[in-house]
Amino acid sequence: MYTITSKWFAPKKTLLITIFVLIFALAAYVRLDFLLSVTHKVSHDTLNYDIMVRQLLEKGIYAYKDTQPNAQVTPGYPLFMAAIYKLVDYQHHDPFPYIRYIQVLISLVTLWLIYSVARKLSGRTVSMIVLLISSVYPPFIWSNGAVLTETLACFFLMLYIRLQLEAFERRTRTLALLSGAAMGLLVLTRPEFLILIAPVYGLYWLWKKEFRLTLKLLLFTCIGTGIVLAPWVIRNMVTLHEVVIASTQVNPFAAGTYPDKNYNDGLVDRHGKTQMEVAKERLKIGFTQHTWQFVKWYTVGKLKYIYSNMYFGSGHSPLYRVLPSPLGSLLHVALVWFCPVALAASLRKWKQPLTLMTLIVAVMTVTRLAFVPEFRYNYTAMPLIIMLDAAAGIAILRWAWQKWTRSSNSRKGAVTYAESTGKS
């Protein structure tokens, strides 16, 4: 029996490994070909990062859009850039191409993490589909040309999810600590993800109903996060004389208070007021005197801005079509529009790890409704949406197949019975 099983399994395993390697080879090819075959544009944010990093290396001052120390942005990506600047001797060589090539390596590791998470959540078939889609989904290629946080943030998010799932399964302090450390690195890159810890453990408690176990794992996850964030928090206390856990940047929140991004609507007088004061006044007047406009903007309006189009990175020319036009856009639209079906399907059996993806997508989407909407905000959600869509799609196909085969077998059985009894 063992021999027969081994002979059957070996070719199947070899085929799967071959497909896996070919998909990764395709992913590596399109990413490298993209970097080599286009002219990359440099965004305004990238230029500010460049000035910031050079100032840090040459004067020892950590400040964004200023010459005095501040905490407007978290240090994850600037320190990543600074390390590469030093390695390549930035005063004699342009560091941006090196950053882009390193981001390709990071994106390939992220691709493996996406596959690993999908395999753990939904099995081999779904994970291979997720891997294939993620390998050619255009924003996952274009983002490597952007000297911005997306590629690094996506890597840390998938690393956190992978370690958190392992911590939930094995229930060990070490894995909880490691998941917290990954969360800390993610927060240092994109601070808005810090909000995830509470709902993730809230869901885990609802699954297990084991308060002491949940509290233990939560405690060690928080310790891991705290250890990673501690140097940044201490720096802010010493240098800025205030406790700053993430960042002090207000602009994304304030800019989000302008419906349809009409920054000259004249709703409030901005003279002599801080951005936060203006934002609070706009929200108060907006939701009381222009209720429908603001409710619409803070729901469907921002959702449309965030998810309606793909993230294009910093831009490049000529346009690198990963997939023949218009397949790339159609893929994005299909993934986004099928997502509500996938979310609903995952909630039917919510006591399963796959629901964690639904929770993260929902929490981060709601969180981003508070800020100015950008296409780049859908980037880190797309790996999870691809997983949910693939899992739901395969489940629907299996259900349809089983229903069809049962119906077919019933008809065959009826015919056989009629023939055996001589009925026509």
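Keep in mind that this is a model prediction, so the values were computed, not measured.

Q: Help me understand empty space enclosed by the protein, please; the structure alone is not making it clear to me.
A: A water-sized probe rolled over the atoms picks out the places where empty space is left. Going through the model one piece at a time under the given rule, you end up with 2 cavities of 30 Å³ or more. Computed from the structure, the largest cavity encloses a volume of approximately 90 Å³. Around the largest cavity sit Arg31, Ser107, Thr110, Leu111, Ile114, Phe140, Thr151, Cys154 and Tyr379, which together line it. Take the lining of the largest cavity: its biggest share by element is 4 residues, from helix H4 (residues 96-122). For the lining of the largest cavity, the class distribution of residues is 5 nonpolar, 3 polar and 1 charged. Approximately 40 Å³ is the volume found for the second largest cavity. Residue contributions to the lining of the second largest cavity peak at 4 residues, all from helix H15 (residues 354-368). Grouping the amino acids of the lining of the second largest cavity by side-chain chemistry returns 7 nonpolar, 1 polar and 1 charged.

Q: Quick question: what am I supposed to make of helix H3 (residues 76-87) here?
A: Note that an α-helix has 3.6 residues per turn; residues three or four places apart therefore point the same way. Look at H3: 17 Å from first C-alpha to last across 12 residues, which is about the 16 Å you get at 1.5 Å a residue. Within H3 the residues assigned to the buried category are Gly76, Tyr77, Pro78, Phe80, Met81, Ala82, Ile84 and Tyr85. Those residues of H3 hidden inside the fold are in contact with helix H2 (44-59), H4, helix H7 (150-170) and helix H8 (173-189). Asp89 sits one or two residues past H3 and shows a positive phi near 60°.

Q: Where do I start with the packing of helix H9 (residues 197-208) against helix H10 (residues 211-240) in this structure?
A: For any two helices packed against each other, one specifies the crossing angle of their axes together with the interaxial distance. Contact geometry of H9 with H10 gives a least axis separation of 10 Å together with a crossing angle of 160°. It follows that H9 is roughly antiparallel to H10 by the angle criterion. The two elements H9 and H10 cross, and the hand of that crossing is right-handed. Residues Ile197, Tyr201, Tyr204 and Trp205 of H9 form the contact with H10, whose participating residues are Phe211, Leu213, Thr214, Leu217, Leu218, Thr221, Cys222 and Thr225.

Q: Explanation requested: the environment of Leu57 in the structure shown.
A: By secondary structure assignment, the location of Leu57 is in helix H2. Remark: the alpha-carbon pair of Leu57 and Gly256, spanning 199 residues in sequence, is separated by 33 Å. In contact with Leu57, not counting residues within four places along its chain, are Ala82, Tyr85, Lys86 and Tyr90.

Q: What is the right way to look at the layout of surface pockets in this model?
A: Estimated volume of the largest pocket: approximately 960 Å³. Forming the boundary of the largest pocket are 32 residues, of which Gln72, Val73, Gln249, Pro252 and Tyr377 lie nearest the centre. Of all the secondary-structure elements, those providing two or more residues to the lining of the largest pocket are H2, H3, helix H11 (251-255) and helix H12 (275-289). Within the lining of the largest pocket, the residues separate by chemical class into 15 nonpolar, 10 polar and 7 charged. The calculated volume of the second largest pocket comes to roughly 600 Å³. Forming the walls of the second largest pocket are 20 residues, and the residues nearest its centre are Ala345, Arg348, Ala391, Ala395 and Ile396. Every element with two or more residues in the lining of the second largest pocket is listed here: H4, helix H14 (327-348) and helix H16 (382-421).

Q: Can you help me understand the pattern of salt bridges in this one?
A: Charged atoms that come close allow side chains of opposite charge to pair. Per the counting criterion, the structure on display carries 14 salt bridges. Two residues, Glu169 and Lys120, come together in a salt bridge whose shortest N-O distance is 2.6 Å. With a gap of 49 residues between them, Glu169 in helix H7 and Lys120 in helix H4 connect regions that are remote in the sequence. With its nearest N and O atoms 3.4 Å apart, the salt bridge here joins Glu210 to Arg171. Taken together, the residues Glu210 in the loop between H9 and H10 and Arg171 in the loop between H7 and H8 connect sequence positions 39 residues apart. Here Arg171 falls in the partly exposed class, since its relative accessible area comes to 31%. One continuous salt-bridge network, built from bridges that share partners, spans Asp45, Glu150, Arg190, Glu192, Arg368 and Arg376.

What counts as what
- Residues numbered from 1 in each chain as written.
- Predicted model: local features only at pLDDT ≥ 70, side-chain atom pairs only at ≥ 80, totals over all residues.
- Heavy atoms only, no water.
- 1 Å grid on protein atoms, 1.4 Å probe; cavity = no way out; pocket = protein on both sides within 12 Å on 5 of 7 lines; lining within 4 Å.
- Points joined across faces, edges and corners; volume = space filled by probe spheres on them.
- Helix = DSSP H or I, 4+ residues; strand = E, 2+ residues; numbered from the N terminus.
- Nonpolar A, V, L, I, M, F, W, Y, C, P; charged D, E, K, R; others polar.
- Expected span 1.5 Å × (residues − 1).
- Buried < 20%, exposed > 50% of the residue type's maximum accessible area, 1.4 Å probe, protein only.
- Contact = heavy atoms within 4.5 Å.
- Axes fitted to C-alpha atoms, helices over the stretch in contact; angles between N-to-C directions.
- Parallel < 35°, antiparallel > 145°, perpendicular 65-115°, else oblique.
- Left-handed = near helix turned anticlockwise from the far one by under 90°.
- Salt bridge = Lys/Arg side-chain N within 4 Å of Asp/Glu carboxyl O.

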